[in-house]
Amino acid sequence: QVQLVESGGGLVQAGGSLRLSCSASGFTFSSYFMGWFRQAPGKEREFVARITATGGNTYYADSVKGRFTISRDNAKNTVYLQMNSLKPEDTALYYCNTQRGRDVYWGQGTQVTVSP
């Protein structure tokens, strides 16, 4: 079965950096888009970034463009989110995501907290 396991979250001061990882299993990782979403308390889950199967194209929410970088290592079945210049408004639970046909899969999330 598809499994997505995020790690790398934590508490960081504004202006700092974190690198999130998502380890995938149960499907042919190199054949699918991978994405990152986040959900802050009291808010809806929102798109953060997406990367194509080969890693050749990436897409970002306007709020993170220029600060976050999504990448993947298909040999390790892992997708990353490098987050720089973090702001308090980046505080959220970050989820890894993929979709196969109409089935959408999510990890359990990793908490990122940015202090002022």
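Model, not experiment: these values are computed from the prediction.

1. Some points on the pairing of strand β8 (residues 78-83)
Now for step 1: Counting buried positions along β8 yields 5 of 6 residues, so the element is predominantly enclosed.
Now for step 2: As defined by bridge partners, strand β3 (residues 18-25) adjoins β8 across 6 bridges and the pair is classed as antiparallel. Among the inter-strand pairings, Cys22 is bridged to a residue of β8, identified as Val79.
Now for step 3: Inspection of the sheet shows strand β7 (residues 68-73) paired to β8 by 6 bridges, in the antiparallel sense. Residue pairing in the sheet places Ser71 in a bridge with Tyr80 of β8.
Now for step 4: Here β7 folds back onto β8 in antiparallel fashion, the turn holding 4 residues, of which Asn77 has a positive phi close to 50°.

2. Observations concerning the sheet that holds β7
Now for step 1: Taken in spatial order, the 4 strands make up an open sheet running β1-β3-β8-β7, and their pairing is antiparallel. Either end of the sheet is taken by a strand with one partner, and the two such strands are β1 (3-7) and β7. The mean angle between the axes of side-by-side strands here comes to 15°, regardless of whether they run parallel or antiparallel.

3. Overview of the nonpolar core
Now for step 1: Within the largest apolar cluster, 29 residues are counted, with the highest numbers of intra-cluster contacts made by Met34, Trp36, Val79, Leu81, Met83 and Tyr94.
Now for step 2: Contributing elements (two or more residues each) for this core: β3, β4 (34-39), β5 (46-51), β7, β8, β9 (92-100) and β11 (110-115).
Now for step 3: Here the element with the most residues in this core is β3; it accounts for 4 residues.
Now for step 4: Contact partners of Tyr94, with chain neighbours within four places excluded, come to Glu6, Leu20, Trp36, Phe37, Arg38, Val48, Phe68, Leu81, Met83, Gly109, Thr110 and Val112.

Conventions we followed
- Residues numbered from 1 in each chain as written.
- Predicted model: local features only at pLDDT ≥ 70, side-chain atom pairs only at ≥ 80, totals over all residues.
- Heavy atoms only, no water.
- Buried < 20%, exposed > 50% of the residue type's maximum accessible area, 1.4 Å probe, protein only.
- Helix = DSSP H or I, 4+ residues; strand = E, 2+ residues; numbered from the N terminus.
- Pairing = 2+ DSSP bridges.
- Axes fitted to C-alpha atoms, helices over the stretch in contact; angles between N-to-C directions.
- Core = buried A, V, L, I, M, F, W, Y, C linked by side-chain atoms within 4.5 Å.
- Contact = heavy atoms within 4.5 Å.

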